[in-house]
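# Reading the structure
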Amino acid sequence: MSTLPDPSAGAAVKAADRAHVFHSWSAQGLIDPPAVAGAEGAYFWDYDGNRYLDFSSQLVNTNIGHQHPKVVAAIQEQAGRLCTIAPGFAVDVRSEAARLVAGRTPGDLDKIFFTNGGAEAVENAVRMARLHTGRPKLLSAYRSYHGATAAAINLTGDPRRWPSDTASAGVVHFWGPYLYRSPFHATSEEEECARALAHLEDTIVFEGPQTIAAIILESVVGTAGILVPPAGYLAGVRELCDRHGIVFILDEVMAGFGRTGRWFAADHWGVTPDLLTFAKGVNSGYVPLGGVAISAEIAATFDRRPYPGGLTYSGHPLACASAVATIEAMAEEGIVEHAAHLGEHVLGPGLRALAERHRSVGEVRGMGVFWALELVKDRTTREPLVPYNAAGEAAAPMNAFAAACKKSGLWPFVNMNRTHVVPPCTLTEAEAREGLAILDEALTVADTHTV
């Protein structure tokens, strides 16, 4: 900790927050946001001196950890040289950020359109797809999250979509693969893959292929469950898109930049989309930044035809400087390889060991530093520990589990009946084992709610 406890300062911060800040996804009168005093590496702390191991990476975005000195220095240097410039100018740091991103994307995704974050990246990707194809419809999985802006929230499958879904956005949802709770009654990964692809093909046929502009998928589903696709699934979607002239969009906002142990999750399966969205880990959120990586074919659509989209802060110099420093640090320090090592040798084995000890753990799944424990009341029936989209008293078992984590100094990422293990890619083995030990203790609380 770089600051001493100062409860009075924390109280002042909280009072100002409650007086003036309107928080996202919240009933304003029912929340009590913690006041954060500082952060470093895999930890953050409050004004009362409580320190938390950040197993959420905030919103699964601080891939390089908090306050990485090389990234902080790059932002400071850029601020002293050129704070801002409009998107219509060519500027060194923007060009270099685009070059470094394009150098790591699969295939020919060599043109980069910068946005302020992931939702705007998705908005622009689907706009590009619609303009490129001249078609209106978009297909997205039910178990998905793509952002909270107009098109992105309609593409999203989870319940956060419901209050904003106008049923007029041209979005059709389908079921993606999820063997543990298979909608296709599959008993193996191979069956799940084949049946999920058959279901998607039927959806395409019955919606009319000539009406579908794009299929958008998270390469590894993030907030909706850390669902790793079975072998052959993404390649099968790619083939369906090619057969019907549909644009294939991979959403790598959460899965990208080392989180799965590769620069992009698509690299695990050797699949190249037509458009790829990114944000979060590109600079660990130090300054807001996202973007769309664009194939040569789609980029050519706008060679003589203006692209009707733009943002005042597209490719903001401070954001791009932080991206350049982040990507360079990740390469120099072997952070992507470290994330793969953690997943294979520490987190994966450690979480599977927890599952053997705790009857509340129904399934462990993930890769790199991107994992989920699915918590259940009954391992035999697989009944979730709390109902789908539970709130209030119905969510009490998961709330008790989360409270136990926090009491012991671990900040969890809890969603529905799952806890996601998504620490920074820079987590040390010792820190990983510290977090696993706290999870072990907290899962005894979850166990009390099983049958």
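Residues numbered from 1 in each chain as written. Predicted model: local features only at pLDDT ≥ 70, side-chain atom pairs only at ≥ 80, totals over all residues. Heavy atoms only, no water.

A few words on the packing of helix α7 (residues 189-207) against helix α8 (residues 233-244). Two elements in contact, α7 and α8, have axes whose closest approach is 10 Å; the angle formed by their N-to-C orientations is 25 degrees. Overall, the two elements α7 and α8 adopt an arrangement that is roughly parallel. Once α7 is placed against α8, the crossing between them reads as right-handed. Contact with α7, carried on its side by Cys193, Ala196, Leu197, Leu200, Glu201 and Ile204, involves Tyr233, Gly236, Val237, Leu240, Arg243 and His244 of α8 and no other residues of that element. (Axes fitted to C-alpha atoms, helices over the stretch in contact; angles between N-to-C directions. Helix = DSSP H or I, 4+ residues; strand = E, 2+ residues; numbered from the N terminus. Parallel < 35°, antiparallel > 145°, perpendicular 65-115°, else oblique. Left-handed = near helix turned anticlockwise from the far one by under 90°. Contact = heavy atoms within 4.5 Å.)

We now examine the sheet that holds strand β6 (residues 171-174). With mixed pairing, seven strands are arranged side by side in an open sheet as β4-β10-β9-β8-β7-β5-β6. Lying at the two open borders of the sheet, with one neighbouring strand each, are β4 (111-115) and β6. If you compare each strand with its neighbour and ignore which way they point, the axes differ by 20 degrees on average. By the bridge criterion, four bridges tie strand β5 (residues 137-141) to β6 in an arrangement that is parallel. If you follow Ala141 over to β6, its bridge partner there is Phe174. (Pairing = 2+ DSSP bridges.)

Counting residues in each nonpolar core, the largest one holds 69 residues, and the members touching the most others are Phe278, Leu351 and Leu439. Looking at which element gives the most residues to this core, the answer is helix α10 (residues 317-332), with ten residues. In this structure, Phe278 is in contact with Val101, Ile112, Phe114, Ala121, Glu252, Val253, Phe257, Phe264, Gly290, Gly291, Val292 and Ala293, ignoring residues within four places of it in sequence. (Core = buried A, V, L, I, M, F, W, Y, C linked by side-chain atoms within 4.5 Å. Buried < 20%, exposed > 50% of the residue type's maximum accessible area, 1.4 Å probe, protein only.)

Looking now at α10. Along its 16 residues, α10 runs 22 Å from first to last C-alpha, staying within 8% of the 22 Å computed at 1.5 Å per residue. Gly334, located one to two residues past α10, shows a positive phi value of around 65 degrees. (Expected span 1.5 Å × (residues − 1).)

For the rest of this paragraph, the subject is the packing of helix α4 (residues 92-102) against α10. α10 packs onto α4 with a crossing angle of 40 degrees between their chain directions and a minimal axis gap of 8 Å. By the angle class used here, α4 and α10 are oblique. In the packing of α4 onto α10, the handedness of the crossing is left-handed. Seen from α4, the contacting residues are Val93, Arg94, Glu96, Ala97, Leu100 and Val101; seen from α10, they are Pro317, Cys320, Ala321, Ala323, Val324, Ile327 and Glu328. Across the contact of α4 with α10, the residue classes tally to ten nonpolar, no polar and three charged. (Nonpolar A, V, L, I, M, F, W, Y, C, P; charged D, E, K, R; others polar.)

Let's shift gears to the environment of Ala194. Summarising the element assignment, Ala194 is placed in helix α7. For the pair Ala194 and Gly232, spaced 38 residues apart in sequence, the C-alpha to C-alpha distance is 8.6 Å.

We now examine the side chain of Ser219. By the secondary structure assignment, Ser219 is in the loop between β7 (212-218) and α8. The exposure class of Ser219 is buried, given its relative accessible area of 1%.

Attention now goes to the sheet that holds strand β1 (residues 36-40). With respect to topology, four strands assemble into an open sheet ordered β1-β2-β3-β14, the strand pairing being mixed. Both edges of this open sheet fall to β1 and β14 (410-411), since each of them pairs with a single strand only. Here four bridges tie β1 to strand β2 (residues 43-46), and the two strands are oriented antiparallel to one another. Looking at the pairing, Gly38 lines up with Trp45 of β2.

Take unusual backbone geometry next. Even without a glycine there, the phi angle at Ile226 is positive, about 50 degrees. Looking at where Ile226 falls in the secondary structure, it is placed in the loop between β7 and α8.

Attention now moves to the packing of aromatic side chains. Here the structure, examined in full by the defined rule, presents eleven aromatic pairs. When the centroid spacing of 5.2 Å and the interplanar angle of 80 degrees are considered together, the rings of Tyr52 and Trp411 count as edge-to-face. Of this pair, Tyr52 sits in strand β3 (residues 51-54) while Trp411 sits in strand β14; the two residues are 359 residues apart in sequence, bridging distant segments of the chain. These aromatic residues form a ring-pair network of at least three members: Phe114, Phe257, Trp263, Phe264 and Phe278. Above the ring of Trp263, the side-chain terminus of Arg104 is found at 4.6 Å from the ring centroid. (Phe/Tyr/Trp six-rings, centres within 6.5 Å; stacked < 30°, edge-to-face > 60°. Lys NZ or Arg CZ within 6 Å of the ring centre and 35° of its normal.)

Attention shifts here to the pairing of β5. With five of its five residues buried, β5 lies for the most part within the structure. Side chains of β5 alternate between two faces, with Lys137, Leu139 and Ala141 and Leu138 and Ser140 buried alike. One ladder, built from four bridges, connects β5 with β7; its direction is parallel. When the sheet's bridge partners are listed, Lys137 is paired in β7 with Ile212. Note on the crossover from β5 through helix α6 (residues 150-155) to β6: the handedness is right-handed. (Right-handed = clockwise from strand over helix to strand, strands pointing away.)

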